[in-house]
Amino acid sequence: MRPLFSQTSVAAVRLMIAATFSVAIMVVDVRFDALHSVRFGIKTLLWPIEQISALPSVTAAHVGDWLVGHSRLVERLESLSLDNERLRTEQLKLQTLRAENSELRRLLSVRERVNERLLQAQIQRLSNDPFVHRATINRGQLAGVSVGQPVLSADGLVGQVVMVYPHASDVLLMTDSTHQLPVQVTRTRVRSIAMGTGRLDRLELRNLPDTVDIVVGDLIETSGLGGRFQPGIPVAYVTEVIRSPGQPFVRVVAEPVAPLSRLSLLMVDVSERGGL
Amino acid sequence: MTFLVTWLLTMLLITVPFPSAAALLLPHWGLLFVVWWALMRNYRLSMTLLMVASIPMDVAYGTALGLHALIFALLAYLLTLLGPRVRQVNWLRQSVVVFLVLLLAAAASYWGRTLTGQNPEFLLLVLQAFFTALAWTPVRFVFEWLAHLTGEPEVRTS
């Protein structure tokens, strides 16, 4: 191999070339979204490495189960907790559906909703970069997952699928600073955009007019605008309403309903309307 | 061979699942990989190889492709210039120099992340640089051991 920097001036030139090339790749990747296939290929190649690196935690989990000494009991418990998670999610949706149903009945125009199909998934790993809120789940293309499908927990929305591989998928959590979500306040139906802040316990609603009717404790849910998420999925609770004197807009801070830092089991909405 | 082995070890460390809260306290293994190569074996490293090695790290971390290439290029440039002097000082001073260089890399990282739409807190990047510098000495010894195993010639240090 050739030496990296033989002379300072040559080194500076090489640095400039490398930096320019790097920035160009970043722009192409982020602004034009043109490197999906590269990411897909590399992630697929990295799959064996990820499996090996997950071995200690998987082994530790297995040893823990073994120490309990009742493997059947553990399996049964896992199965029941999965069912419980699914049922809790469905119950949350049923509440919203009931409210929507009564509203529709009032308007005398009842419309049949698309059936939801939830796929259970488990988080394999979270990104070790503190500024990237991405999770890899153990369901992929072969299980029917596709880009854009909403990901839920028993409590509410978690994020959406952004990359799909044969056996796994990447989920962008809604608190990632690049994520934006059309939402509405359940009580008043005020619409806004929930923006990720890069903190797992915080979302922000910006540019709401100063006169908006919103208070601490209000539930925020998906509005269904944009066509990616079904309306009525719980998103967050309002924790702070910041009104600055003289400013025409109010800033609203909310905490996600789903405990994003403690997630393990998830549901991917693989129904037709769930994806793009 | 040594490059491949150290890169594989780095990728393994990057992809080990940790709780989200631990991410703030983890050293950046990719930066340590570059620090070791640029500081201890810069005569064996090429910029092209470094950039190719950085792309899978972008994928593993979930950052924009090219972000790590930018940081690594800057880091390699600075450390290669400082290399001969830094190699001769003791481990503590080395860690201090590594920390200072990592601060500049953190600035590049901050700029790159902002460019790609992220909203990073600079203090957290400084914290990450601190933990990375703290891990430098043990990682250096592990990499030296790997280099020894793979038949890489040793470089005289203090």
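Figured I'd write up the structure that's included with this text. Everything numeric here is computed off the predicted structure, so don't read it as measured data.

Focus: the overall build of chain A
Of the regular secondary structure elements, chain A holds three helices and 12 strands. Looking at chain A alone, contacts between residues at least 24 apart form 58% of all its contacts between residues at least 6 apart. On chain A, roughly 14800 Å² of surface is accessible, and the fraction owed to carbon and sulfur atoms is 56%.

Structural notes on helix α6 (residues 122–149) of chain B
Residues and elements named next belong to chain B. For α6, which comprises 28 residues, the first-to-last C-alpha distance of 38 Å matches the rise-based estimate of 40 Å (1.5 Å per residue) to within 8%. Of all the bends found along α6, the most pronounced is centred on W136 and spans about 45 degrees, while P138, a proline, follows it within four residues. Downstream of α6 by a residue or two, G151 has a phi angle that is positive, lying close to 80 degrees.

Concerning the pattern of salt bridges
All names here are of chain A. Throughout the structure, instances matching the rule amount to 19 salt bridges over all chains. For D83, the salt bridge goes to R86, with nearest N and O atoms at 3.9 Å. Pair noted here: D83 and R86 are both in helix α3 (residues 71–106), with a separation of three residues, about one helical turn. By relative accessible area, R86 is classed as partly exposed at 27%. Its salt-bridge partner being R189, residue E221 comes within 3.1 Å of it at the nearest N-O pair. Placement of the pair is E221 in strand β9 (residues 219–222) and R189 in the loop between β6 (180–185) and β7 (191–196), with a sequence separation of 32 residues. Overall, the relative accessible area of 5% leaves E221 in the buried class. The network of salt bridges with common partners includes K43, E50, R125, R134 and D170.

Details of the interface of chain A and chain B
Opposite the 48 residues of chain A that make contact, chain B presents 54 residues. A buried area of about 4400 Å², summed over both sides, lies between chain A and chain B, and 70% of it is on carbon and sulfur atoms. Summed over the shared surface of chain A and chain B, the number is one salt bridge. Between R113 of chain B and D129 of chain A there is a salt bridge, and its shortest N-O distance comes to 2.6 Å. Between the two partners, chain A and chain B, sit 12 residue pairs in polar contact (both at pLDDT 80 or more). When residues in the side of chain A that touches chain B are grouped by element, the largest group, 14 residues, is from helix α1 (residues 8–30) of chain A. In the side of chain A that touches chain B, the residues fall into 26 nonpolar, 11 polar and 11 charged.

Concerning the packing of aromatic side chains
Residue and element names in this part refer to chain B. One pass over the structure, following the stated rule, counts eight aromatic pairs over all chains. The interplanar angle of 90 degrees and the centroid separation of 6.2 Å between the aromatic rings of F99 and F130 together place this pair among those described as edge-to-face. Here the residue F99 occupies a position in helix α5 (residues 91–115), and F130 occupies one in helix α6, the gap between them amounting to 31 residues. A relative accessible area of 39% places F130 in the partly exposed class.

Looking at the packing of helix α3 (residues 47–61) of chain B against helix α4 (residues 67–88) of chain B
Residue and element names in this part refer to chain B. Axis separation between α3 and α4 bottoms out at 7 Å; the angle between their running directions is 135 degrees. The angle between the axes of α3 and α4 places the two elements in the oblique class. Crossing of α3 against α4: the hand is right-handed. Across the interface between the two elements, M47, L50, M51, S54, M57, D58 and Y61 of α3 pack against L67, H68, A69, F72, A73 and A76 of α4. When grouped by side-chain class, the residues that make up the contact of α3 with α4 number 10 nonpolar, two polar and one charged.

What about the sheet that holds strand β3 (residues 150–152) of chain A?
The sheet built from six strands closes into a barrel, its strands ordered β1-β2-β5-β4-β3-β12 (chain A) with antiparallel pairing. Each neighbouring strand pair of the sheet contributes to a mean axis angle of 45 degrees, computed without reference to strand direction.

Points about the environment of S261 of chain A
Along the chain, S261 of chain A turns up in the loop between β11 (249–256) and β12 (265–269). Separated by 62 residues in the primary sequence, S261 of chain A and R199 of chain A place their C-alpha atoms 9.8 Å from one another. In contact with S261 of chain A, other than residues within four places in its own chain, are L200 of chain A together with S20 of chain B.

Parameters at a glance
- Residues numbered from 1 in each chain as written.
- Chains lettered and ligands numbered in written order.
- Predicted model: local features only at pLDDT ≥ 70, side-chain atom pairs only at ≥ 80, totals over all residues.
- Heavy atoms only, no water.
- Helix = DSSP H or I, 4+ residues; strand = E, 2+ residues; numbered from the N terminus.
- Contact = heavy atoms within 4.5 Å.
- Areas by Shrake-Rupley, 256 points an atom, 1.4 Å probe, with all protein chains shown as cover.
- Expected span 1.5 Å × (residues − 1).
- Bend = angle between axes of the 7 residues up to and from the residue.
- Salt bridge = Lys/Arg side-chain N within 4 Å of Asp/Glu carboxyl O.
- Buried < 20%, exposed > 50% of the residue type's maximum accessible area, 1.4 Å probe, protein only.
- Buried area = accessible area lost by both parts, 1.4 Å probe.
- Polar contact = N/O pair within 3.5 Å; in protein donor to acceptor, adjacent residues only side chain to side chain.
- Nonpolar A, V, L, I, M, F, W, Y, C, P; charged D, E, K, R; others polar.
- Phe/Tyr/Trp six-rings, centres within 6.5 Å; stacked < 30°, edge-to-face > 60°.
- Axes fitted to C-alpha atoms, helices over the stretch in contact; angles between N-to-C directions.
- Parallel < 35°, antiparallel > 145°, perpendicular 65-115°, else oblique.
- Left-handed = near helix turned anticlockwise from the far one by under 90°.
- Pairing = 2+ DSSP bridges.

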